[in-house]
Amino acid sequence: MKDTLTVVYNDTCPICAREVAGYRRVTERDGLPVDYAGLSEADMTRFGLTPDLAARRFHVVADGEMLSGVPAFAALWDRMPRLRWLARIVRLPGVSKLATALYDRVLAPALYALHRRRVRQGRACKIA
């Protein structure tokens, strides 16, 4: 069995929190070694992240290595039997390049912009 994987995510983002809640339900139900560290509840410095960096992207610590973005999702999906197929697909060379570009240039910046707006409105934890 692999070491515990730790998901580091922005739990103040409604979209991120909803998605990770689904992962949490599955991993807990199946007894998978996955821990969760939300931005509002965990000390991000233990992962080598500032709160701002943690809010910008999805991260996992897998086998002692920090991954972010698409590789982080793939590492998590790989641990979940029903989503392993998705991890394999997203790792294919052409798919990986496209998925990474979409996440890095569109999705992560859009979610971060929404986070910044929630911070300004006092609806999310402040970032340094």
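Here the residue numbers are simple positions, counted from 1 along each chain's written sequence. Given that the model is predicted, a residue must reach a pLDDT of at least 70 before its local features are reported, and side-chain atom pairs must reach 80 or more before they are shown or counted; all residues, however, enter totals for whole chains, interfaces and linings. Water and hydrogen atoms were dropped before computing side-chain values, which therefore reflect all heavy atoms in the structure.

K.L.:
Just to check I follow, could you spell out the overall build of the protein for this structure?
P.N.:
Where helices and strands are cited, they refer to DSSP runs of H or I of at least four residues and of E of at least two residues respectively, numbered from the N terminus. A count of helices and strands for the protein gives five helices and four strands. Ordering the α and β elements of the protein from the N terminus gives β-α-β-α-β-β-α-α-α. The reference for a compact globule is 2.2 Å times residues^0.38; the radius of gyration itself is calculated from the C-alpha atoms. In terms of overall size, the protein behaves like a compact globule, its C-alpha atoms giving a radius of gyration of 14 Å where 128 residues would be expected to give roughly 14 Å. Evaluated residue by residue, the protein yields a buried proportion of 41% over its 128 residues. Intrachain contacts of the protein at a sequence separation of at least 6 include 59% that bridge at least 24 residues. This count recognises Lys and Arg as positive and Asp and Glu as negative, with His and chain-terminal groups excluded. A charged residue contributes its charge at one atom only: NZ of Lys, CZ of Arg, CG of Asp or CD of Glu. Within the protein, one finds 21 positive and 13 negative side-chain charges whose respective centroids are separated by 8 Å. For every residue, the accessible area obtained with a 1.4 Å probe (protein chains only) is divided by the maximum for its type, and the residue is called buried under 20%, exposed over 50%, and partly exposed between those limits. Should any heavy atoms of two residues lie within 4.5 Å, those residues are considered in contact.

K.L.:
Which parts of the structure should I look at to understand unusual backbone geometry?
P.N.:
For residues besides glycine, phi is generally negative; the peptide bonds are generally trans as well. The backbone of Asp 63 sits at a positive phi, close to 50°, despite the residue not being glycine. In this fold, Asp 63 is placed in the loop between strand 3 (59-62) and strand 4 (65-68). Overall, the relative accessible area of 49% leaves Asp 63 in the partly exposed class.

K.L.:
Looking at this model, I keep getting lost on the packing of aromatic side chains. Mind explaining?
P.N.:
Centre distance and the angle of the planes are the two values used to describe a pair of aromatic rings. For Phe, Tyr and Trp, where Trp contributes only its six-membered ring, two rings pair if their centres lie within 6.5 Å, and the inter-plane angle classes them as stacked under 30 degrees, edge-to-face over 60, or tilted in between. Under the counting rule described, the total for this entry stands at three aromatic pairs. Taking 4.1 Å as the distance between ring centres and 10° as the angle between the ring planes, the aromatic pair formed by Phe 58 and Phe 73 counts as stacked. With Phe 58 in the loop between helix 2 (51-56) and strand 3 and Phe 73 in helix 3 (residues 70-79), the pair connects residues that are 15 residues apart, well separated along the chain. Assigned by exposure class, Phe 58 and Phe 73 land together as buried.

K.L.:
Help me out: how do you make sense of the confidence of the model for the protein in this one?
P.N.:
Keep in mind that low pLDDT regions are not for reading the predicted coordinates in detail. Mean pLDDT for the protein: 91, with 94% of residues reaching 70 or above. Confidence of the predictor at the level of single residues is given by pLDDT, which spans 0 to 100. Mean pLDDT per element in the protein: helix 2 is the minimum at 91, and helix 4 (residues 84-90) is the maximum at 98.

K.L.:
Whenever I open this one, the pairing of strand 3 confuses me. Can you help?
P.N.:
If a strand is regular, its side chains alternate between the two faces of the sheet. Relative to strand 3, strand 1 (residues 5-9) runs antiparallel, the two being bridged by three bridges. Looking across to strand 3, one finds that Val 7 is bridged to Val 60. Following DSSP output, two strands are said to pair if at least two bridges run between them. Between strand 3 and strand 4, which pair antiparallel in sequence order, lie two residues; one of them, Asp 63, sits at a positive phi of approximately 50°.

K.L.:
Which parts of the structure should I look at to understand the sheet that holds strand 2 (residues 34-38)?
P.N.:
Working definition: the strands of a sheet are paired by backbone hydrogen bonds and lie parallel or antiparallel to each other. An order of 2-1-3-4 is seen for the four strands of this open sheet, with the pairing classed as mixed. For this open sheet the edge positions go to strand 2 and strand 4, each flanked by a neighbour on one side alone. Taken over all neighbouring pairs, the strand axes of this sheet differ in orientation by 20° on average, direction set aside. Sheet topology note: the strand 1/strand 2 ladder contains five bridges and is parallel. Between the N-to-C directions of two axes lies an angle of 0 to 180 degrees, each axis being a line fitted to C-alpha atoms and, for a helix, fitted only over the stretch in contact.

K.L.:
Quick question: what am I supposed to make of a nonpolar patch on the surface here?
P.N.:
The grouping of Trp 85, Ile 89, Leu 92 and Val 95 at the surface amounts to a nonpolar patch, some 360 Å² of accessible area in total. Relative to the helices and strands, Trp 85 resides in helix 4. In this analysis, a patch consists of residues with relative accessible area above 30% that form no salt bridge, clustered at 9 Å for like charges and at 5 Å for the nonpolar side chains Val, Leu, Ile, Met, Phe, Trp and Tyr. Each accessible area is a Shrake-Rupley result for a 1.4 Å probe, and residues are judged covered by the shown protein chains and nothing else. We count a salt bridge whenever a side-chain nitrogen from Lys or Arg sits within 4 Å of a carboxyl oxygen from Asp or Glu.

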